Amino acid sequence: MTFPTPPVYAQPQVAPQKPTRFRALAWAAVILGIVGVVGSWVIFLNNLTAIAAFVGIVLGVIALFGTRKVLATIGVVLCVIAIVLTVVAQQAAVRELDKILGEATQGQVESPGETAKQDALTENPTWGKRFTWANGLSVDVAAPAACTPGQYSAPSNIARAVRFEITITNGTSAAFETALMSVGTDAQFNGQKAEMVFDSSGGCDSTFDSATVLPGKTYTFHVAYSVGAQPGEMQLVFEPTFNSDKAAFVGQA
C-alpha cells in the first residue's frame with residue numbers, strides 16, 4: 001500500500017540584518033563629550049578634557065556616516081559644548097589671576113609705625129617715609145648724609161658723595177631674599193643717572209649684600225652715590241621682585 005508523500009513547504013526567507021557601521025565611534029564620541037563637559041570647569045585638568053572632546057568631535061563626525069547618526073550627533077554636540085565651557089572657564093581663571101596679581105603688586109606709602117592704609121597713595125615717598133607693598137614687605141630710606149670717599153674710590157672725580165641708610169622690613173609670612181630686590185641701579189640726581197660709589201678705603205662704601213630676611217625681621221644697609229657739587233633732587237627706585245610695584249623715593253640730596 002502506497003502512502004502519499006506529504007507536501008514540502010519552503011521555509012520563509014529571513015531578511016539579513018543590516019550591519020551597523022561606526023557604532024563604536026558614535027559611543028566613543030558620546031563618552032568623550034560627557035568627560036569633556038564634566039572636566040571643563042577643573043582648571044589644568046580641562047586642558048586634557050578639551051583635547052579629549054576634540055578627539056570626540058572627530059570620531060563623531062566620522063560616525064555620522066554610519067548607522068548611529070543620532071548617537072553620533074549627540075556625541076558631537078556634547079564635545080562642542082565641552083570645548084566652549086573649557087574656554088569660558090579658562091578665561092574666567094585668567095581674569096581672576098590678573099586681579100590677584102594686581103592686588104599683590106599694589107604698594108602703599110606710610111610713615112614708619114603707621115597702620116597700613118587700604119589704598120596706595122599717589123605721591124612718591126621721601127626720606128624718612130616708608131613704602132609698603134601689599135604683601136607686607138616694606139622699605140625705609142633715611143635722609144642722605146654727606147660722606148668723604150677714599151683715595152681708591154670709584155668712580156673717579158667725585159664732586160660730592162652722599163650715603164643713604166636703607167632698611168628692609170619683612171612683614172610677610174615667608175623669608176625674603178634681598179638678592180631679588182633691585183637696589184642702587186636705578187638712581188638719579190637732577191634728572192641724570194647717579195653712579196653708585198664703591199669705596200673700600202673711605203667713608204662712602206656701600207654695604208648692600210645678599211641676605212635672607214626672616215618674617216618679622218629687618219635688614220639695614222648703606223648705599224652711597226656720586227652727585228653734583230650743589231644740592232639737587234635725588235631719586236631712588238626699589239623693586240622687590242620682577243613686575244611688582246616700584247617704590248620711587250624722591251627728595252633733596
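Residues numbered from 1 in each chain as written. Predicted model: local features only at pLDDT ≥ 70, side-chain atom pairs only at ≥ 80, totals over all residues. Heavy atoms only, no water.

## What about the overall build of the protein?
Moving on, step 1. Counting its secondary structure elements, the protein contains three helices and 13 strands.
Moving on, step 2. A buried classification covers 35% of the 253 residues belonging to the protein.
Moving on, step 3. Of all intrachain contacts in the protein linking residues separated by at least 6 positions in sequence, the fraction that spans at least 24 positions is 67%.
Moving on, step 4. Working note: accessible area of the protein is about 15,300 Å², and carbon and sulfur atoms make up 61% of it. (Helix = DSSP H or I, 4+ residues; strand = E, 2+ residues; numbered from the N terminus. Buried < 20%, exposed > 50% of the residue type's maximum accessible area, 1.4 Å probe, protein only. Contact = heavy atoms within 4.5 Å. Areas by Shrake-Rupley, 256 points an atom, 1.4 Å probe, with all protein chains shown as cover.)

## What about the confidence of the model for the protein?
Low-pLDDT stretches of the model should not have their predicted coordinates read in fine detail.
Moving on, step 1. Model confidence for the protein is summarised by a mean pLDDT of 80, while 81% of its residues fall at 70 or above.
Moving on, step 2. Taken element by element, the protein is modelled with least confidence in strand β1 (residues 107–110), mean pLDDT 50, and with most confidence in strand β3 (residues 137–141), mean pLDDT 92.
Moving on, step 3. Below pLDDT 50 for its whole length, residues 110–122 participates in 20 contacts with residues either more than four positions away or in separate chains. (pLDDT = per-residue confidence, 0-100.)

## Thoughts on the side chain of Ser 153
Moving on, step 1. By secondary structure assignment, the location of Ser 153 is in the loop between β4 (145–147) and β5 (160–170).
Moving on, step 2. Here the side chain of Ser 153 touches Gly 150 through a polar contact of 3.0 Å, landing on its backbone oxygen.
Moving on, step 3. Excluding residues within four positions of it along the chain, Ser 153 makes contact with Ile 158, Phe 198 and Asp 199. (Polar contact = N/O pair within 3.5 Å; in protein donor to acceptor, adjacent residues only side chain to side chain.)

## Digging into the packing of aromatic side chains
Moving on, step 1. Counted by the stated rule, this structure contains five aromatic pairs.
Moving on, step 2. Ring centres of Phe 131 and Trp 133 lie 5.0 Å apart, and the angle between their planes is 70 degrees; this geometry places the pair in the edge-to-face category. Of the two residues, Phe 131 and Trp 133, neither departs from the other in class, the shared state being buried. (Phe/Tyr/Trp six-rings, centres within 6.5 Å; stacked < 30°, edge-to-face > 60°.)

## Quick notes on helix α1 (residues 23–39)
Moving on, step 1. The end-to-end C-alpha distance of α1 is 25 Å, a good match for the 24 Å that 17 residues give at a rise of 1.5 Å each.
Moving on, step 2. Along α1, the positions that sit buried rather than exposed are Ala 26, Ala 29, Val 30, Gly 33, Gly 36 and Gly 39. (Expected span 1.5 Å × (residues − 1).)

## As for the side chain of Asn 170
Moving on, step 1. Among the structural elements, Asn 170 can be located in strand β5.
Moving on, step 2. Within polar-contact distance, the side chain of Asn 170 engages the backbone oxygen of Ala 174 at 2.9 Å.
Moving on, step 3. Reaching out from Asn 170, the side chain makes a polar contact with the backbone oxygen of Leu 214 at a distance of 3.4 Å.
Moving on, step 4. Once residues lying within four places of it in the same chain are set aside, the contact partners of Asn 170 are Gly 136, Leu 137, Ala 175, Phe 176, Val 213, Leu 214, Pro 215, Gly 216 and Lys 217.

## So, the pattern of salt bridges
Moving on, step 1. By the definition in use, this model includes one salt bridge.
Moving on, step 2. For Arg 130, the salt bridge goes to Asp 140, with nearest N and O atoms at 3.0 Å. Separated by ten residues along the polypeptide, Arg 130 in strand β2 (residues 130–133) and Asp 140 in strand β3 bring together distant segments of the chain. Taken individually, Arg 130 and Asp 140 each receive the classification buried, so the pair is uniform in this respect. (Salt bridge = Lys/Arg side-chain N within 4 Å of Asp/Glu carboxyl O.)

## Considerations on the environment of Pro 231
Moving on, step 1. Assignment of secondary structure puts Pro 231 in the loop between β11 (218–227) and β12 (233–238).
Moving on, step 2. As a C-alpha pair, Pro 231 and Arg 160 span 71 residues in sequence and 9.5 Å in three-dimensional space.
Moving on, step 3. Apart from the residues lying within four places of it in its own chain, the contact partners of Pro 231 are Arg 160, Phe 189, Asn 190, Gln 252 and Ala 253.

## Comments concerning a nonpolar patch on the surface
Moving on, step 1. On the surface, a cluster of nonpolar side chains totalling about 1,000 Å² of accessible area is made up of Phe 22, Val 42, Leu 45, Leu 48, Ile 51, Phe 54, Val 55, Val 58, Val 61, Ile 62, Leu 64 and Phe 65.
Moving on, step 2. When you line up the elements, Leu 48 lands in helix α2 (residues 45–63).
Moving on, step 3. Owing to a relative accessible area of 58%, Leu 48 belongs among the exposed residues under this scheme. (Patch = residues over 30% accessible without salt bridge, like charges linked within 9 Å, V, L, I, M, F, W, Y side chains within 5 Å.)

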